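Each chain, written out:
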Amino acid sequence: MGRAGADRRPTRTASGLAIALLSAFSFGLAGPFAAALLAVGWSPLAVALGRLAGTAVLLGVPLALVFARGWRPRAGHLRAVVVYGIVPLAGAQVCYFNAVDHLSVGVALLIEYTAPVLLLGWMWARGGARPKPATLLGAALAVAGLVLVLDVARGAEFDVVGVLWGLAAAVCLAAYFRLSADASDENGPPALVLTAGGAIVGSAVVVLVGAVGLLPLTATTTPIALAGWTAPWWVGVVLVAALSTTLAYLTGIAAVGRLGSRLASFVGLSEVLFAVLGAWWLVSQRPTPTQVAGGVLVVAAIALIRWAEPPP
């Protein structure tokens, strides 16, 4: 029995790494797909709606099967789904896509990836334990890397609006980490219910924001350009919903089950690499050498923080 378990462990780890890389690849391409839609007149809010509504449709059948097999929500599940839909899903997508509308995909994603630094600062400010020296070093490196990514010293155009949207996305991502930690026990809703239900709630929130005029909700049927090819507009919507959301979340959940949250989170850092390469290939956004150096520094800093402060 013990020998059989030991023999299965390397195989399980290898498959987990492959699944985690697939998840990071899928997540990383969300920015390039969104950039292609934004370039032909889609508003960031419309791109977010396409991503969330498409996910809700794709996960509708699995969600119905969960209920058909007898699962019923418990007290507190509805609140968890609503908060998850509003902040990590609707909030993060709208803010990130608005950042992509003003900045390159790589820069927008790296700003969003400062979320662990913001989360540590928030927990420290609330009276928690002082972060470890390695954590503080990682935070300092992340800030230094972000300065290089913005390329301000070289005189690059500094888009304040884009940076603010990116920081707002980082706040939403920090909330996602906190909510995921709180909902990881057996009393929380299943991951599929949380994702599908959150996508439904997030879609409703996005429609409401557009209906009251807080942000424009506009879309076009103009063909999009991807990797030098012309494709119908709906191809971009399907790709961002099916590949970069539904597949990304489901494979991410599977990867955590095989690797554990800490190792899976380290592998997930490859999302930044896939996003930069995807933006270069799909929408011709080539980073400068300074931005590449800054990106490496930010990723290294986040890895150091995750090593020093393992998730609960």
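Given the structure is predicted, the values throughout are model-derived calculations rather than measurements.

**Description of the overall build of the protein chain**
- A tally of helices and strands in the protein chain yields 14 helices and two strands.
- The proportion of buried residues among the 312 residues of the protein chain is 45%.
- Across the protein chain, the fraction of contacts at a sequence separation of at least 24, relative to all contacts at a separation of at least 6, is 88%.
- When the accessible area of the protein chain is evaluated, it comes to approximately 15100 Å², of which 70% is carbon and sulfur surface.

**Structural notes on the nonpolar core**
- Counting residues in each nonpolar core, the largest one holds 63 residues, and the members touching the most others are Val 47, Tyr 96, Phe 97, Val 100, Val 105 and Ile 111.
- When residues of this core are assigned to their parent elements, the largest contribution, 11 residues, is made by helix H5 (residues 77-102).

**A look at the environment of His 77**
- For His 77, the location among the structural elements is in helix H5.
- Note on His 77: relative accessible area 4%, which makes it buried.
- Taking C-alpha positions, His 77 is 9.3 Å from Val 193, a pair spaced 116 residues apart along the chain.

**Here's the deal with the side chain of Glu 271**
- In this fold, Glu 271 is placed in helix H13 (residues 270-283).
- A distance of 2.9 Å separates polar atoms of two side chains, one belonging to Glu 271 and the other to Tyr 113.
- Not counting chain neighbours up to four residues away, the residues in contact with Glu 271 comprise Ala 24, Phe 27, Gly 28, Leu 109 and Tyr 113.

**Some points on unusual backbone geometry**
- For Ala 227, which is not a glycine, the phi torsion comes out positive at approximately 55°.
- Tracing the sequence through the fold places Ala 227 in the loop between strand S1 (224-226) and strand S2 (229-231).
- Judged by its relative accessible area of 25%, Ala 227 falls in the partly exposed class.
- One non-glycine residue, Ser 284, adopts positive backbone phi at about 55°.
- Following the sequence through the fold, Ser 284 ends up in the loop between H13 and helix H14 (289-308).

**A few points about the packing of helix H4 (residues 60-68) against helix H10 (residues 191-211)**
- Close contact between H4 and H10 brings their axes to 10 Å; oriented N to C, the two are set at 130°. Looking at the two axes, H4 sits oblique to H10. Note on packing geometry: the crossing formed by H4 with H10 is left-handed. Contacts between H4 and H10 involve Pro 62, Leu 63 and Val 66 from the first element and Leu 192, Val 193 and Ala 196 from the second.
- Classifying every residue of the contact of H4 with H10 by side-chain character gives six nonpolar, no polar and no charged.

What counts and what doesn't
- Residues numbered from 1 in each chain as written.
- Predicted model: local features only at pLDDT ≥ 70, side-chain atom pairs only at ≥ 80, totals over all residues.
- Heavy atoms only, no water.
- Helix = DSSP H or I, 4+ residues; strand = E, 2+ residues; numbered from the N terminus.
- Buried < 20%, exposed > 50% of the residue type's maximum accessible area, 1.4 Å probe, protein only.
- Contact = heavy atoms within 4.5 Å.
- Areas by Shrake-Rupley, 256 points an atom, 1.4 Å probe, with all protein chains shown as cover.
- Core = buried A, V, L, I, M, F, W, Y, C linked by side-chain atoms within 4.5 Å.
- Polar contact = N/O pair within 3.5 Å; in protein donor to acceptor, adjacent residues only side chain to side chain.
- Axes fitted to C-alpha atoms, helices over the stretch in contact; angles between N-to-C directions.
- Parallel < 35°, antiparallel > 145°, perpendicular 65-115°, else oblique.
- Left-handed = near helix turned anticlockwise from the far one by under 90°.
- Nonpolar A, V, L, I, M, F, W, Y, C, P; charged D, E, K, R; others polar.

Honestly, that's just the spatial picture; any functional story needs more than this.
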